[in-house]
Amino acid sequence: MVPPYVERDHDGELRSHLGMLAGKGAGVIVVRGDSCTGKTRSVWEAVTAWVPDWQRPGRAAESTAVGPARR
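Residues numbered from 1 in each chain as written. Predicted model: local features only at pLDDT ≥ 70, side-chain atom pairs only at ≥ 80, totals over all residues. Heavy atoms only, no water.

Overview of the confidence of the model for the protein
Low pLDDT means the predicted coordinates in that region are not meant to be read closely. Mean pLDDT over the protein stands at 80; residues scoring 70 or higher make up 77%. Overall, residues 63-67 carries pLDDT values under 50, and its contacts beyond four positions in sequence, including any with other chains, amount to 0 contacts. (pLDDT = per-residue confidence, 0-100. Contact = heavy atoms within 4.5 Å.)

Quick look at the pattern of salt bridges
As enumerated under the stated definition, the model contains 2 salt bridges in all. The shortest N-O distance in the salt bridge between Arg15 and Glu7 comes to 3.8 Å. One salt bridge connects Arg41 with Glu45, and the closest N-O pair in it is separated by 2.8 Å. Highlighted residues: Arg41 and Glu45, both in helix H2 (residues 39-50), separated by 4 residues, approximately one helical turn. (Salt bridge = Lys/Arg side-chain N within 4 Å of Asp/Glu carboxyl O. Helix = DSSP H or I, 4+ residues; strand = E, 2+ residues; numbered from the N terminus.)

So, the side chain of Thr48
By the element assignment, Thr48 lies in helix H2. By relative accessible area, which is 18% here, Thr48 ends up buried. Among the polar contacts made by the side chain of Thr48, one reaches the main-chain carbonyl oxygen of Trp44 at a distance of 2.8 Å. From its side chain, Thr48 meets the backbone oxygen of Glu45 in a polar contact 3.4 Å long. (Buried < 20%, exposed > 50% of the residue type's maximum accessible area, 1.4 Å probe, protein only. Polar contact = N/O pair within 3.5 Å; in protein donor to acceptor, adjacent residues only side chain to side chain.)

Description of unusual backbone geometry
Backbone geometry at Cys36 places phi at a positive 60°, although glycine is not the residue there. What makes Cys36 exposed here is its relative accessible area of 78%.

Next comes the structure, spelled out in structure tokens:
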């Protein structure tokens with residue numbers, strides 16, 4: 001279970017940029033920062049707010065992988 005999300009100072013700006021890209025249909029946003037500062041979770045929350053049914057690329061391939069696990 002994912003813990004409740006704690007809004008960060010940069011969330012408004014990130015969502016604003018995503019809104020502009022959503023209107024254009026494509027684009028790239030680079031999120032950078034120190035380790036363990038919540039970059040991935042911030043992006044996840046922002047993207048799913050704009051596109052609720054979005055799944056990250058590769059998820060289907062991971063769930064249908066066949067064969068033994070390698071060690």
